[in-house]
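Each chain, letter by letter, is given below.
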Amino acid sequence: MCKGDDISLTRIRSFCFSNQVVSLHPSCGLDTQPEWVLFNEFVLTTRHYIRTVTEIRPEWLLELAANYYDLAAFTDSEAKRALQRMLKKQNAKSIKAAAVKPPKKKAKAS
């Protein structure tokens, strides 16, 4: 999992695991710079590339793989802080949605 940085359109910083600067491989097929990606291949040439890349939403990591992306186990990093902000925003929306209750329906008189 990588979170994109703002340095360039083709560079991505892998904050979660190795904290290495990598680039999208030219064959990955992405036209835009995604903010978050999952990748399958790490290619070492004269530069570090990631290949077989899929753009993702960060909330998917916590919803679908909560055990793997346990924030308590993350080292302090930009990715951890971004996921914490996203989780805080989700929790605030959940609390707000729970506070807004639909009006009760009136019972029909027979």
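Model, not experiment: these values are computed from the prediction. (Residues numbered from 1 in each chain as written. Predicted model: local features only at pLDDT ≥ 70, side-chain atom pairs only at ≥ 80, totals over all residues. Heavy atoms only, no water.)

Caption draft 1: Layout of the overall build of the protein. Looking only at helices and strands, one finds two helices and five strands in the protein. In the protein, the order of α-helices and β-strands from amino to carboxyl end is β-β-β-β-β-α-α. Here the protein, with 110 residues, has 31% of them falling under the buried criterion. Look at the contacts in the protein between residues 6 or more apart in sequence, and 43% of them connect residues 24 or more apart. Summing over all exposed atoms, the protein offers an accessible surface of approximately 8,100 Å²; the carbon and sulfur share of this is 54%. (Helix = DSSP H or I, 4+ residues; strand = E, 2+ residues; numbered from the N terminus. Buried < 20%, exposed > 50% of the residue type's maximum accessible area, 1.4 Å probe, protein only. Contact = heavy atoms within 4.5 Å. Areas by Shrake-Rupley, 256 points an atom, 1.4 Å probe, with all protein chains shown as cover.)

Caption draft 2: Looking closely at the environment of His-48. Along the chain, His-48 turns up in strand β5 (residues 48-55). Given the relative accessible area of 31%, His-48 is considered partly exposed. In contact with His-48, other than residues within four places in its own chain, are Gln-20, Val-21, Val-22, Ser-23, Phe-42 and Val-43.

Caption draft 3: Spatial organisation of the environment of Pro-58. Structurally, Pro-58 can be placed in helix α1 (residues 58-64). By relative accessible area, which is 16% here, Pro-58 ends up buried. A sequence separation of 23 residues divides Pro-58 from Glu-35, and the C-alpha atoms of the two residues are 9.0 Å apart.

Caption draft 4: Highlighting the environment of Pro-26. Among the structural elements, Pro-26 can be located in the loop between β3 (21-24) and β4 (36-44). You can call Pro-26 exposed: its relative accessible area is 68%. For the pair Pro-26 and Tyr-49, spaced 23 residues apart in sequence, the C-alpha separation works out to 8.8 Å.

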